[in-house]
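The residues making up each chain are set out below.
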Amino acid sequence: MHNTQATAVAHANIALIKYWGKRDDKLNLPATGSLSLTLDGLTTTTSVSFDSDLNHDCIKLNNQHPGESAADRISAFLNLVYQQVKSTNQQRPYAQVNSHNNFPTAAGLASSASGFAALALATGKALQASLEPGQLSMLARRGSGSAARSIFGGIVEMAHGQRKDGLDSIATQLHQPDYWNLKVLIAVTDAGSKKISSTDGMRQTMQTSPYYPAWIAGAQADIETARDAIAAKDFETLANVTEFSTLKMHASALAAQPGVIYWNAASLAAMHSIRDLRAAGLPVCFTMDAGPQVKAVCTAGATSQVAECLQQVPGVVKVITCGLGRGVRLQPQ
Ligand code: 2P0
């Protein structure tokens, strides 16, 4: 190998039924399954070029050198893909990695899902391997649990899996992006980066929250409820179980020691506004992740009313509207 290059594009995703907690740290296996929407609006484009003339990895995220820990995480991921693809423990060639998000990373929106999904495909291709979607999902999961879902477009389910080696902890597509015209409106309430990472928040919850066992106990039933509601296009049932899952996830985190609080005043105000809209008959519900942004999920016809309402919530600085997006793919050279 002298110089081999590939570029891949992936979208972020938002979980309706949440992943929160791990059954294995090293293999990054989730303690629960999850169910998500892949978002067309939030896109990462990543190119990987292995070059035998390099004497270290050259990594840039949005044209800047990332911090040491982010760079180490990416180099470790390149090692993993190389070992899997080449079935070897030999030292790999170094690589140049350039990754760009079309959304503000500083807005506290998760970029690890789209980031590791794009990196998995670009790295595999640059190594001249053709990886099946299931293999890509497994690799992406090692980078970040939510990245396993961004391999696929539309509506996606991530399996908890039973195996210790994680071979069955992969995502699959439930429905294509055009199956249901749903929109996700992201109400940005804080442009700063998040204070407690998902990985740390999960660990603290698992280790100290008395509500963690209850969170785990109900997760599978929530997935089944959501899967059935989606199959029937029953928005109301989907809305109820979506809010149930996110509120239970946050309740378990809030009850950790010390409590993990991702919400700010505007987050709470936005959740109330969304509840008010639903009470008035609009098909909309909320979900929140490991940060203060609130995501409203609605049917397409409700989009403008939901956007107007969110824009008026005190503390909401920006609203980003997304539809359902495609899975990871290569960018033609
Ligand atoms: C989710 N989140 O299902 C949940 C809900 C955030 C809250 O997946 O430790 O960055 O890298 O596997 O994937 C974010 O967690 O965590 C996440 P790691 P990740 O979307």
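Residues numbered from 1 in each chain as written. Predicted model: local features only at pLDDT ≥ 70, side-chain atom pairs only at ≥ 80, totals over all residues. Heavy atoms only, no water.

**A look at the overall build of the chain**
In step 1: A count of helices and strands for the chain gives 9 helices and 13 strands.
In step 2: Seen along its three principal axes, the alpha-carbon backbone of the chain occupies a region of about 60 × 40 × 40 Å.
In step 3: In the chain, buried positions account for 54% of the 333 residues.
In step 4: Excluding contacts between residues fewer than 6 apart, the proportion of contacts in the chain whose partners are at least 24 apart in sequence is 75%.
In step 5: Entry remark: accessible area of the chain is about 14200 Å², with carbon and sulfur atoms responsible for 50%.
In step 6: Counting 27 positive and 24 negative side-chain charges, the chain places the centres of these two groups 3 Å from one another. (Helix = DSSP H or I, 4+ residues; strand = E, 2+ residues; numbered from the N terminus. Buried < 20%, exposed > 50% of the residue type's maximum accessible area, 1.4 Å probe, protein only. Contact = heavy atoms within 4.5 Å. Areas by Shrake-Rupley, 256 points an atom, 1.4 Å probe, with all protein chains shown as cover. Lys, Arg positive; Asp, Glu negative; His and termini not counted. Charge placed at Lys NZ, Arg CZ, Asp CG, Glu CD.)

**Comments concerning the domain arrangement of the chain**
In step 1: The assigned domain composition of the chain is domain 1 (3-179) and domain 2 (182-322).
In step 2: Here domain 1 and domain 2 have C-alpha centroids that lie 24 Å from each other.
In step 3: Across the contact, 29 residues belong to domain 1 and 44 residues belong to domain 2.
In step 4: Together, the buried faces of domain 1 and domain 2 total about 3000 Å²; carbon and sulfur atoms form 72% of this surface.
In step 5: The largest per-residue losses of area from domain 1 upon contact with domain 2 belong to L16, K18 and W20, which jointly make up 28% of the total buried on that side. (Domains from an automatic or database assignment. Buried area = accessible area lost by both parts, 1.4 Å probe.)

**Observations concerning the layout of surface pockets**
In step 1: Taken as a whole, the second largest pocket encloses approximately 180 Å³ of empty space.
In step 2: Along the walls of the second largest pocket sit L27, L80, Q84, L131, Q135, M138, L139, R141, R142, D165 and L167, which together make up its complete lining.
In step 3: The residue inventory of the lining of the second largest pocket, partitioned by class, reads 6 nonpolar, 2 polar and 3 charged. (1 Å grid on protein atoms, 1.4 Å probe; cavity = no way out; pocket = protein on both sides within 12 Å on 5 of 7 lines; lining within 4 Å. Points joined across faces, edges and corners; volume = space filled by probe spheres on them. Nonpolar A, V, L, I, M, F, W, Y, C, P; charged D, E, K, R; others polar.)

**Brief notes about the site of the ligand**
In step 1: Near the ligand, the surroundings consist of 18 residues, among which Y19, K22, G145, S146 and T199 are the closest.
In step 2: A distance of 3.4 Å separates an oxygen atom of the ligand from a polar atom in the side chain of S112.
In step 3: Compared with its free state, where it exposes 460 Å², the ligand has 94% of that area covered by protein.
In step 4: Tallying contributions element by element places helix α5 (residues 198-208) first for the shell around the ligand, with 3 residues.
In step 5: In the shell around the ligand, the residues fall into 6 nonpolar, 7 polar and 5 charged.
In step 6: Viewed by domain, the shell around the ligand spans two of them, domain 1 (3-179) and domain 2 (182-322), each represented by three or more residues. (Near = heavy atom within 4 Å. Polar contact = N/O pair within 3.5 Å; in protein donor to acceptor, adjacent residues only side chain to side chain.)

**A short note on the side chain of D57**
In step 1: Positionally, D57 belongs in the loop between β4 (34-51) and β5 (58-61).
In step 2: Judged by its relative accessible area of 15%, D57 is buried.
In step 3: Engagement of the side chain of D57 in a polar contact is seen with the backbone nitrogen of A95, the distance being 2.9 Å.
In step 4: Contacts of D57, omitting those with residues within four sequence positions, involve S75, L78, R92, Y94 and A95.

**Quick look at empty space enclosed by the protein**
In step 1: Per the stated rule, a full pass over the model turns up 1 cavity of 30 Å³ or more.
In step 2: Every residue along the wall of the largest cavity is listed here: Y19, N28, P30, T32, S34, R141, G145, S146, R149 and M158.
In step 3: Residues that form the lining of the largest cavity fall into these classes: 3 nonpolar, 5 polar and 2 charged.

**Describing the packing of helix α1 (residues 68-86) against helix α2 (residues 112-126)**
In step 1: Two numbers describe how α1 lies on α2: the axes approach to 10 Å, and their chain directions differ by 40 degrees. Taken as axis vectors, α1 and α2 run oblique relative to one another. Considering how the two elements wind past one another, α1 and α2 form a crossing that is right-handed. Taken together, the residues of α2 that come into contact with α1 (itself represented by R73, I74, F77, L78 and V81) are S112, F116, L119, A120, T123 and G124.
In step 2: Here the residues of the contact of α1 with α2 sort into 7 nonpolar, 3 polar and 1 charged. (Axes fitted to C-alpha atoms, helices over the stretch in contact; angles between N-to-C directions. Parallel < 35°, antiparallel > 145°, perpendicular 65-115°, else oblique. Left-handed = near helix turned anticlockwise from the far one by under 90°.)

**Notes on the pairing of strand β10 (residues 284-288)**
In step 1: The buried fraction of β10 is high, at 5 of 5 residues.
In step 2: Neither face of β10 is left uncovered, since the one carrying V284, F286 and M288 and the one carrying C285 and T287 both have all their residues buried.
In step 3: Pairing between β10 and strand β11 (residues 294-299): 5 bridges, direction antiparallel. Directly across from F286, in β11, lies its bridge partner A296.
In step 4: Two successive antiparallel strands, β10 and β11, enclose a turn made up of 5 residues. (Pairing = 2+ DSSP bridges.)

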